[in-house]
Each structure stands twice: as structure tokens, then as C-alpha cells.
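Here's the letter readout for the chains.
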Amino acid sequence: MTVNLEVDEGVGTIRLDRPPMNALDIATQDGLRAAAEEASRRDDVRAVIVWGGEKVFAAGADIKEMQAMDYEAMAVRGRDLQDSFTAVARIPKPVVAAVTGYALGGGCELALCADIRIAADNAKLGQPEILLGLIPGAGGTQRLARLVGPSRAKDLIFTGRQVRADEALAIGLVDKVVPADQVYAEARAWAERLAKGPAVALRAAKEAVDAGLETDLDTGLAIERALFAGLFATEDRATGMRSFVDEGPGKAKFR
């Protein structure tokens, strides 16, 4: 297995394990989709970390495997490729990418599927597909532009250049930079905090933001309104408000 889901105290870690560079071949893409779907289903998974290990997140697609594919093969495979990454993006729980070393091509696209990205100070990110005569095909042209804006996305995609952690932080490609040996611990702390939160409200918050970005403001507000009202039917809402009134903010223990 090149992808594993490890669960501990409410946190599920989707672990890439295809040394030395975690190249994303077809088997690994399919493993990502299976792990993401399992994390989505399991009630004991409350938050998710995507992690490539201490040395590298994922250095991109398996170029040798891809080189053997023609137009017809990729026309068939392309949807499965995108669906594997979209399965990660659609995990209805908080997801953090813990980025060490290289996150290039498909590796960068995988990091883009997380809600936030914590990167090592030696990390390098980029979309170098143009250097192969290609464009990103696993969501990079869409998710990158939505995250950092179209001009910056075009710069990265047109040039294929690699971005160091400090620049990635400055342009909003990553959200926090820490020493390399602290990346997983930082991601774990974030995930553990949210794993103790109100699961239905967190799911609603993620859905409201993600769905709202795909539509106009009035429709986004309608989505928010419906999800907001729906939370008044949950036990967590009652617990949170009761705790706030009785004990003050931030002390609720959600089930």
C-alpha cells in the first residue's frame, strides 16, 4: 500500500508512502481516493492530516508511467486523476497538509486540496508541468488560481518555477512555515484542536465557504443562511450555547 489512513484520537493521517519521492502513480492516486473516502465515512475521524513523511510531501506524478500514455489513455484516465484529488478536497472535515521537502506538480495540487497548509522552512512548491509541455491536470489551474489569484497562478504555471517556503507564505500558497522537524507536530496540534470541536458545525462551515466560492454572493448567503439555521437542530449548538451562558466562552465539551 502506497497510501495509508492511520487514526489516533480523532485525527486521521493520510500517509503517502512511496519512497523515495512519493511519486503519484495511478495506484497511489487510487489509494488517495480510497483513503479520503474512508476518512469521510468514519465517525472516529474528526480531522485529517495529509502527510508525505519527514523528507518529502510528493514530488509529482510518475513521469515514466505517464510517458507511456497517449491521448486516448489520458482522456480516459484524466477524470479518475481529478476525482482522486477532489475526494481529498471534499472530505467534510478539517484537513491540513503537512508539507515537507518537495510539493511539486501533483504534490502541490494535493496540498491545494487541504483547508490549510503548514510547510517546512525548506519546502519547495510549484507546478512544473509546463516544462514537460503540459499544464497541471489534477486541479492546479483551478485551485491555485482561487487560492493565490489568477496573476500569481499564471506566473507559477507559465514558468514552472519552484517557490520556496518564505515566498509561498507571502503569496498565500501556504499558511504557516515552521522548522522541518516540527511540521507534523504543528499539523497535529491544529487537527487535534478541531477534532474536539463541534463536528456538524465544522462540516457546515467548510461547506458554506467552499460552496459559496463557486457561486455569486446572494447564492452564497442563501447557502450560509440554510446551514446556519440547520445547526439550531443540533446537540452541539445546545451544548455550546449552554456552556457559554453558564461558564463563559471556549469551555464547551462537544460530543
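Data block above holds the structure.
Now for a description of the structure that goes with this document. (Residues numbered from 1 in each chain as written. Predicted model: local features only at pLDDT ≥ 70, side-chain atom pairs only at ≥ 80, totals over all residues. Heavy atoms only, no water.)

**Considering the packing of aromatic side chains**
As enumerated under the stated definition, the model contains 2 aromatic pairs in all. Both rings, one in Trp-51 and one in Tyr-184, keep their centres 5.0 Å apart while their planes meet at 50°; by these two values the pair is tilted. With Trp-51 in strand β3 (residues 47-51) and Tyr-184 in helix α8 (residues 183-195), this residue pair connects regions lying 133 residues apart in the sequence. Tyr-184 gets classed as partly exposed once you look at its relative accessible area, which sits at 24%. Centroid distance Phe-228 to Phe-232: 5.4 Å. Interplanar angle 75°. Geometry classified as edge-to-face. (Phe/Tyr/Trp six-rings, centres within 6.5 Å; stacked < 30°, edge-to-face > 60°. Helix = DSSP H or I, 4+ residues; strand = E, 2+ residues; numbered from the N terminus. Buried < 20%, exposed > 50% of the residue type's maximum accessible area, 1.4 Å probe, protein only.)

**Brief notes about the sheet that holds strand β6 (residues 116-120)**
Sheet architecture is open: 6 strands sit in the order β1-β2-β3-β4-β6-β9, paired in mixed fashion. In this open sheet, the two strands that pair with only one neighbour each are β1 (3-8) and β9 (176-178). Direction aside, neighbouring strands of the sheet carry axes that sit 20° apart on average. Here β6 pairs with β9 via 3 bridges, running parallel. Paired with Ile-118 across the strands is Lys-176, a residue of β9. With respect to the sheet, helix α1 (residues 26-41) is in contact with β1, β2 (11-16) and β3, its orientation differing from that of β1 by roughly 25°. (Pairing = 2+ DSSP bridges. Axes fitted to C-alpha atoms, helices over the stretch in contact; angles between N-to-C directions. Contact = heavy atoms within 4.5 Å.)

**Side note on the side chain of Ser-84**
Mapping Ser-84 onto the fold places it in helix α3 (residues 71-89). Among the polar contacts listed, one links the side chain of Ser-84 to the backbone oxygen of Gln-29, at a separation of 3.1 Å. A polar side-chain atom of Ser-84 sits 2.9 Å from the main-chain carbonyl oxygen of Asp-80. Apart from the residues within four sequence positions on either side, Ser-84 is in contact with Gln-29, Asp-30, Arg-33 and Arg-77. (Polar contact = N/O pair within 3.5 Å; in protein donor to acceptor, adjacent residues only side chain to side chain.)

**Notes on unusual backbone geometry**
Most peptide bonds adopt trans geometry, and most residues besides glycine take a negative phi value. Pro-19 connects to Pro-20 through a cis peptide bond whose omega is 0°. Even without being glycine, Glu-9 reaches a positive phi, approximately 50°. For Glu-9, the position within the fold is in the loop between β1 and β2. For Glu-9, a relative accessible area of 66% puts it in the exposed group.

**Structural notes on the packing of helix α5 (residues 140-148) against helix α6 (residues 150-159)**
Between α5 and α6, the least distance of the axes is 7 Å, while the angle of their chain directions is 135°. Comparing the axis directions of α5 and α6 gives the class oblique. The way α5 lies across α6 gives a crossing that is right-handed. Residues Gly-140, Thr-141, Leu-144, Ala-145 and Val-148 of α5 lie in contact with α6, whose contacting residues are Pro-150, Arg-152, Ala-153, Leu-156 and Ile-157. (Parallel < 35°, antiparallel > 145°, perpendicular 65-115°, else oblique. Left-handed = near helix turned anticlockwise from the far one by under 90°.)

**With respect to the pairing of β1**
Where β1 lies against β2, 6 bridges are found, and the strand directions are antiparallel. Following the sheet pairing, Val-7 is matched in β2 by Gly-12.

**Re the pairing of β6**
Of all the 5 residues making up β6, 5 are buried; the element is thus mostly covered by neighbouring parts of the structure. Burial along β6 is two-sided: Ile-116, Ile-118 and Ala-120 and Arg-117 and Ala-119, pointing in opposite directions, are all buried.

**Quick word on the environment of Val-48**
Within the secondary structure, Val-48 sits in strand β3. Residues Val-48 and Gln-162, spaced 114 residues apart in sequence, show a C-alpha to C-alpha distance of 26 Å. Aside from chain neighbours lying at most four places away, what touches Val-48 is Gly-12, Ile-14, Ala-39, Ile-91, Pro-94, Val-95 and Val-96.

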